[in-house]
2 protein chains.
Amino acid sequence: MNILILGGGGFLGRKIASQLAATGTLRGQKITSLALADLAQPAPLEAPFPVTCHAADITDRAQMDALVTAETQVIFHLAAVVSAHAEAEFDTGMQVNLFGTLNLLDRARALGTCPVVVFTSSLAVFGGEVPDPITDWTIPNPQSSYGAQKAIGELLVNDYSRKGFIDGRGFRLPTISVRPGAPNRAASSFMSSIIREPLNGQGAICPVDPDFEHYYLSPRRCVGNLIRGAELDAAALGTQRCMILPGRRLSIRQMIDAMTAVAGPEPAKLIRWEPQPEIEVIVKGWRFDYRPDKALDLGLAADAGFEENVAFYLEDDLPAR
Amino acid sequence: MNILILGGGGFLGRKIASQLAATGTLRGQKITSLALADLAQPAPLEAPFPVTCHAADITDRAQMDALVTAETQVIFHLAAVVSAHAEAEFDTGMQVNLFGTLNLLDRARALGTCPVVVFTSSLAVFGGEVPDPITDWTIPNPQSSYGAQKAIGELLVNDYSRKGFIDGRGFRLPTISVRPGAPNRAASSFMSSIIREPLNGQGAICPVDPDFEHYYLSPRRCVGNLIRGAELDAAALGTQRCMILPGRRLSIRQMIDAMTAVAGPEPAKLIRWEPQPEIEVIVKGWRFDYRPDKALDLGLAADAGFEENVAFYLEDDLPAR
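Keep in mind the model is a prediction, meaning the values are calculated, not measured.

*Asks:* I tried to follow the overall build of chain A on my own but got confused; where do I start?
*Replies:* Along chain A, the regular secondary structure elements total 11 helices and 16 strands. Taken over the C-alpha trace, chain A has a radius of gyration of 19 Å; the compact-globule value for 321 residues is 20 Å, and the two agree within 12%. Based on the C-alpha atoms only, the size of chain A along its principal axes is roughly 55 × 45 × 40 Å. The burial tally for chain A puts 55% of its 321 residues in the buried class. On chain A, roughly 12,400 Å² of surface is accessible, and the fraction owed to carbon and sulfur atoms is 52%. Separation between the mean location of the 29 positive side-chain charges and that of the 36 negative ones in chain A comes to 4 Å.

Have a look at this one:
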C-alpha cells in the first residue's frame, strides 16, 4: 500500500503519518511507502516502511504529476489555505483550494488508476439562514470563500468518483479541540487555547460567555476517523461520498468542567473572562446543531465526552517540561 | 440598461430577447442596448433599442473580456453544454459549464462594476438517495457531470455575490414543456414531443406509461421568471441566491388530458404507446417532488395548469402551416 499525504507537514497530516507508522497497515494491507508533501518540506518520520518528504505546491500541475504516480493507492488531501487566509486573499484561496484540488483529481484521472482520495472538507460549508438541525442532506450554504471552495471540492470528489476517476470520500471536520501548538489569529483559536494554555500552566483569555456552544472533535479521534474513512468500502458510501464527521456539541462551561474533572481545579483558575464583541459576532454566526448520521452508521465516532479531548491532549501533545 | 445574453442563440435566450424587445425596460429602466452572444452568431432581432449579435466562446477569457464591459449591467448566463453532451465529453462540460462560468465571473470581478448575473441552473443538481421532498435547503447531489457543474456554478454565484463581485441569482429550471423545435436525443425529449408533434398534426411515441410523473414549466413562464429574477432586489435573496424555479408535478395522463381540453380529441390519437425500457430507467431516476417555496415567496410562478403550457405553445411556437 503506497500512501501520499498532501498537507503532510500540518498537524493533522503529521498525526495521520505517525498513526500509519504505528500500525503499518491500511485497508488491510501492509504499507509499503508513505510520501509526505507540503509547501515546506516536512520533517523526516521514523516508520517501519520508507517515508519520503517532498516540498510541493499543489497549484503546480507538473509538481502534482511528479508526486502522484501510478503506484499511489491512497491519498489524504489535507492541503488548504485556511478560512481567514482564503477570505483575505481570494485568488490564493481559489488557486489552492479549488484549482489545487482539481490538479490532484485531474492527475488521478489521467493515470486511470482510481486511487482512494480522502478529502478533508469542513463544517464551514454550512451557514446562512438554512434551518437547524444540519444533516447530511442539508444544502451547503457557505458564508466564506473557504467554505465555498470546500463545497466545490465535495462536488468534484463526488463527480470524479461517480465517473470512476477516483474512489473519493470527503469528511466535514468539526472544530478541532484541543489543537496542539500556539494560538493563532483564527476566531476559533480560543476554543483550544482556553484548555491548552491552562493545561500547559499558562493563562488564557475566554472571549465568550460560558454558555457559548459549538461542535468539537479531538485531534486523535479526527485522525482515527480519517484513517477509517480511507478504509471504508466504496459501496457503503452511496451516491453522496461527503459527510459530516461526528463531533460533540458543548458549551464552554462543559469543556472547562471536563478539564477540571481530568486535571483538577487549578487550570480553570488560569482563564480570564474578557468578552470580545468582535470575536463573539463571528463565532455566534457559526452552527452547532449537526446530525452526522451517515458517518455514525459507517462506524466513525465522536469523542465520548470532552474529558477524552483533555486526556488525549495530555497524552499526545502536552509539551515536555 | 445594457444587457448581455450568453446563450442568446438558444431558444430560451431568444425568447428572453424577444420579451425584452417587447417591453423595452428591465429593473425599472429603459433598455439602451442588448448584446446576444452564442457560439454561432445569433440572428438579428428587431427591437426598439440597438441589438448586437456576437459569435463568442465563453471558454475564451479574451472573448469574454471583449463581450462583458464596464457598461454591461445585466447578464443572462444561459450558455452551457447540456446533460448528455457533458456526460459523453467530460472535458468539454468542465470547460464550458465550469471554466466558462468562471471566465464570466472573473471578468465581472475584474471590472468592479458588480453587474446583475442571472445564472440558469437545473433541477439536475438534485438526485441520488436524498429524501423527498426536495426543498431549497436540500443538498445538491448531482448524478451527472452537468448537474455537478451547475451545482458548482451555484456556489460560485453565491460566493462572488457575497464578496460583492457580482449581484448574482440562480434559478434551477424544471423540465421545459412544451419545448419548440425538433425532438432531440435527450432522454427527456418525449416530454415535449408527445404534445408538440400531435399539436403539429404529427405522430409521436410515448416511451413511458401514463402514470409517469415529472416536473414541468412552460417556456413562456420560464422566460417571465428569469426576467423577474433579474429584477429581484438583492436584499430579498438572503445568503442563498439560488433556488428551485416553480413548476408543476404532472403525470403523462394529466398532460394529455390538458392537451385534449385545449385542442380537442384529435391530437391525443396521434400518440403511440411504445415502452422503451432504456428511456424509462433514466427518467424514473429523476425527481419530481419539489417545494419551490423561496421562488414562490419572491413572486415567481408556475403555470396555472398544463392547459397553459399547451395554449402557450399554440400561441408562441406552433409552426406556420
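The rest of the description comes next.
*Asks:* Please explain helix α6 (residues 190–199) of chain A as it appears in this structure.
*Replies:* Note: α-helices contain 3.6 residues per turn, so residues at a spacing of three or four share the same orientation. Residues and elements named next belong to chain A. With 10 of 10 residues buried, α6 is to be regarded as a mostly interior element. Turning to α6, its buried residues number three or more, namely F190, M191, S192, S193, I194, I195, R196, E197, P198 and L199. Within two residues after α6, G201 carries a phi angle of roughly 85°, on the positive side.

*Asks:* Please clarify how the side chain of R196 of chain B should be interpreted in this entry.
*Replies:* Residues and elements named next belong to chain B. Counting through the fold element by element, R196 comes out in helix α6 (residues 190–199). Separated by 2.6 Å, the side chain of R196 and the backbone oxygen of R179 make a polar contact. Contact partners of R196, with chain neighbours within four places excluded, come to V178, R179, P180, G181, A182, P183 and Y313.

*Asks:* Hey, could you run me through the pairing of strand β1 (residues 2–6) of chain A in this one?
*Replies:* For a regular strand, side chains alternate in direction, first toward one face of the sheet and then toward the other. Residues and elements named next belong to chain A. Within β1, five of the five residues are buried, which leaves it mostly tucked inside the rest of the structure. Along β1, one buried face is formed by N2, L4 and L6 and the opposite face, lined by I3 and I5, is buried too. Note: β1 against strand β4 (residues 33–38), five bridges, orientation parallel. Pairing of L4 across the sheet is with A35, part of β4.

*Asks:* In this structure, what is going on with the interface of chain B and chain A? I would like to understand it.
*Replies:* Frequently, the measure chosen for interface size is the accessible area that the parts lose on association. Taken residue by residue, the interface counts 37 residues in chain B and 37 residues in chain A. Here chain B packs against chain A, burying approximately 3,200 Å² in sum over the two surfaces, 59% of which is carbon and sulfur. Contact with chain A buries area across many residues of chain B, yet W137, I139 and L155 of chain B alone supply 21% of it, more than any other trio. Along the contact surface separating chain B from chain A lie six salt bridges. Salt-bridge contacts for D91 of chain B lead to R109 of chain A; the nearest nitrogen and oxygen are separated by 2.7 Å. The tally of links between chain B and chain A comes to 20 residue pairs in polar contact (both at pLDDT 80 or more). When the residues that make up the side of chain B that touches chain A are grouped by side-chain class, the tally is 18 nonpolar, nine polar and 10 charged.

*Asks:* Just to check I follow, could you spell out the pattern of salt bridges for this structure?
*Replies:* Oppositely charged side chains can pair when the atoms bearing their charge come close. Applying the stated rule across the entire model yields 50 salt bridges over all chains. In this structure, R162 of chain A and E87 of chain B form a salt bridge, with 2.9 Å as the shortest nitrogen-oxygen distance. Note that R162 of chain A is positioned in helix α5 (residues 145–162) and E87 of chain B in helix α3 (residues 83–88), a pairing that runs across two chains. Between R220 of chain A and D316 of chain A there is a salt bridge, and its shortest N-O distance comes to 3.0 Å. With R220 of chain A in helix α7 (residues 219–231) and D316 of chain A in helix α11 (residues 306–316), the pair connects residues that are 96 residues apart, well separated along the chain. You can call R220 of chain A partly exposed: its relative accessible area is 34%. Via salt bridges that share partners, E87 of chain A together with D159, R162 and K163 of chain B belong to a single interconnected network.

*Asks:* What's the story with the UniProt feature "domain: NAD-dependent epimerase/dehydratase" (unreviewed entry) in chain A in this structure? I'm lost.
*Replies:* Mapped onto this numbering, the UniProt entry gives "domain: NAD-dependent epimerase/dehydratase" (unreviewed entry) at residues 3–202 of chain A. End C-alpha atoms of residues 3–202 of chain A are separated by 38 Å, and the span's content is 38% helix alongside 20% strand.

*Asks:* In this structure, what is going on with the packing of helix α4 (residues 90–111) of chain A against helix α4 (residues 90–111) of chain B? I would like to understand it.
*Replies:* Each pair of packed helices gets described by two things: the angle between the helix axes and the distance between those axes. Following both chains from N to C, one finds α4 of chain A and α4 of chain B inclined at 170°, their axes separated by 15 Å at the closest point. Classified by the interaxial angle, the pair formed by α4 of chain A and α4 of chain B is roughly antiparallel. Seen from α4 of chain A, the contacting residues are F90, D91, M94, F99, L102 and R109 of chain A; seen from α4 of chain B, they are F90, D91, M94, F99, L102 and R109 of chain B. Grouping the amino acids of the contact of α4 of chain A with α4 of chain B by side-chain chemistry returns eight nonpolar, no polar and four charged.

*Asks:* Explain the packing of helix α1 (residues 11–23) of chain B against helix α7 (residues 219–231) of chain B to me, please; I cannot follow it from the model alone.
*Replies:* Residues and elements named next belong to chain B. One way to put it is that α1 packs onto α7 with a least axis distance of 10 Å and a crossing angle of 65°. Judged on the interaxial angle alone, α7 and α1 are roughly perpendicular. Note that α1 runs across α7; the crossing there is right-handed. Residues F11, L12, K15, I16, Q19 and L20 of α1 pack against P219, C222, V223, L226 and I227 of α7. When the residues that make up the contact of α1 with α7 are grouped by side-chain class, the tally is nine nonpolar, one polar and one charged.

*Asks:* What is the right way to read helix α8 (residues 252–263) of chain B from this model?
*Replies:* Its 12 residues place the ends of α8 of chain B 16 Å apart at the C-alpha level, agreeing with the 16 Å of an ideal helix rising 1.5 Å per residue. Of the surrounding secondary structure, the elements contacted by the buried residues of α8 of chain B are α6, β11 (204–206), β12 (213–217), β14 (248–251), β15 (271–273) and α11 (306–316) of chain B.

*Asks:* Would you explain the sheet that holds strand β12 (residues 213–217) of chain A in this entry?
*Replies:* Strand pairing in a sheet is mediated by backbone hydrogen bonds. Such pairs are either parallel or antiparallel. Residues and elements named next belong to chain A. Pairing is mixed across the open sheet formed by three strands, whose spatial order is β10-β12-β14. Across the chains shown, the open sheet's two edge strands, defined by having one partner strand only, are β10 (175–176) and β14 (248–251). Where β12 lies against β14, four bridges are found, and the strand directions are antiparallel. Bridging across to β14, Y216 finds its partner in R248.

*Asks:* Looking at this structure, I do not really get the sheet that holds β14 of chain B. What am I missing?
*Replies:* Residues and elements named next belong to chain B. Taken in spatial order, the three strands make up an open sheet running β10-β12-β14, and their pairing is mixed. Two strands lie at the open edges of the sheet, namely β10 (175–176) and β14, each paired on one side alone. Those strands touched by α8 are β12 and β14, and its axis lies near 90° from that of β14.

*Asks:* Please explain the relation of the copies chain B and chain A as it appears in this structure.
*Replies:* Related by rotation about an axis and a shift along that axis, the two copies of the chain form a pair. Screw-axis analysis of chain B against chain A gives a translation of 0.0 Å along the axis, an RMSD of 0.0 Å, and a rotation angle of 180°. What we have between these two chains is a two-fold relation. For chain B, the residue whose C-alpha comes nearest the rotation axis is I139 of chain B, separated from it by 1.8 Å. Most of the interface of chain B is mirrored in chain A, where 100% of its interface residues again form contacts.

*Asks:* Please clarify how empty space enclosed by the protein should be interpreted in this entry.
*Replies:* Scanning the model with the defined rule gives three cavities of 30 Å³ or more in all. Quantified by volume, the largest cavity comes out at close to 140 Å³. Taken together, 15 residues line the largest cavity, and the ones lying closest to its centre are P140 and L155 of chain A together with P140, A151 and L155 of chain B. Within the residue set of the lining of the largest cavity, elements represented by two or more residues are α5 of chain A together with α5 (145–162) of chain B. Grouping the constituent residues of the lining of the largest cavity by class yields eight nonpolar, four polar and three charged.

The rules behind each value
- Residues numbered from 1 in each chain as written.
- Chains lettered and ligands numbered in written order.
- Predicted model: local features only at pLDDT ≥ 70, side-chain atom pairs only at ≥ 80, totals over all residues.
- Heavy atoms only, no water.
- Helix = DSSP H or I, 4+ residues; strand = E, 2+ residues; numbered from the N terminus.
- Rg over C-alpha atoms; globule rule 2.2 N^0.38 Å.
- Buried < 20%, exposed > 50% of the residue type's maximum accessible area, 1.4 Å probe, protein only.
- Areas by Shrake-Rupley, 256 points an atom, 1.4 Å probe, with all protein chains shown as cover.
- Lys, Arg positive; Asp, Glu negative; His and termini not counted.
- Charge placed at Lys NZ, Arg CZ, Asp CG, Glu CD.
- Polar contact = N/O pair within 3.5 Å; in protein donor to acceptor, adjacent residues only side chain to side chain.
- Contact = heavy atoms within 4.5 Å.
- Pairing = 2+ DSSP bridges.
- Buried area = accessible area lost by both parts, 1.4 Å probe.
- Salt bridge = Lys/Arg side-chain N within 4 Å of Asp/Glu carboxyl O.
- Nonpolar A, V, L, I, M, F, W, Y, C, P; charged D, E, K, R; others polar.
- UniProt positions renumbered as here; feature names shortened; annotations may be inferred.
- Axes fitted to C-alpha atoms, helices over the stretch in contact; angles between N-to-C directions.
- Parallel < 35°, antiparallel > 145°, perpendicular 65-115°, else oblique.
- Left-handed = near helix turned anticlockwise from the far one by under 90°.
- Expected span 1.5 Å × (residues − 1).
- Least-squares fit on C-alpha atoms with pLDDT ≥ 70 in both.
- 1 Å grid on protein atoms, 1.4 Å probe; cavity = no way out; pocket = protein on both sides within 12 Å on 5 of 7 lines; lining within 4 Å.
- Points joined across faces, edges and corners; volume = space filled by probe spheres on them.

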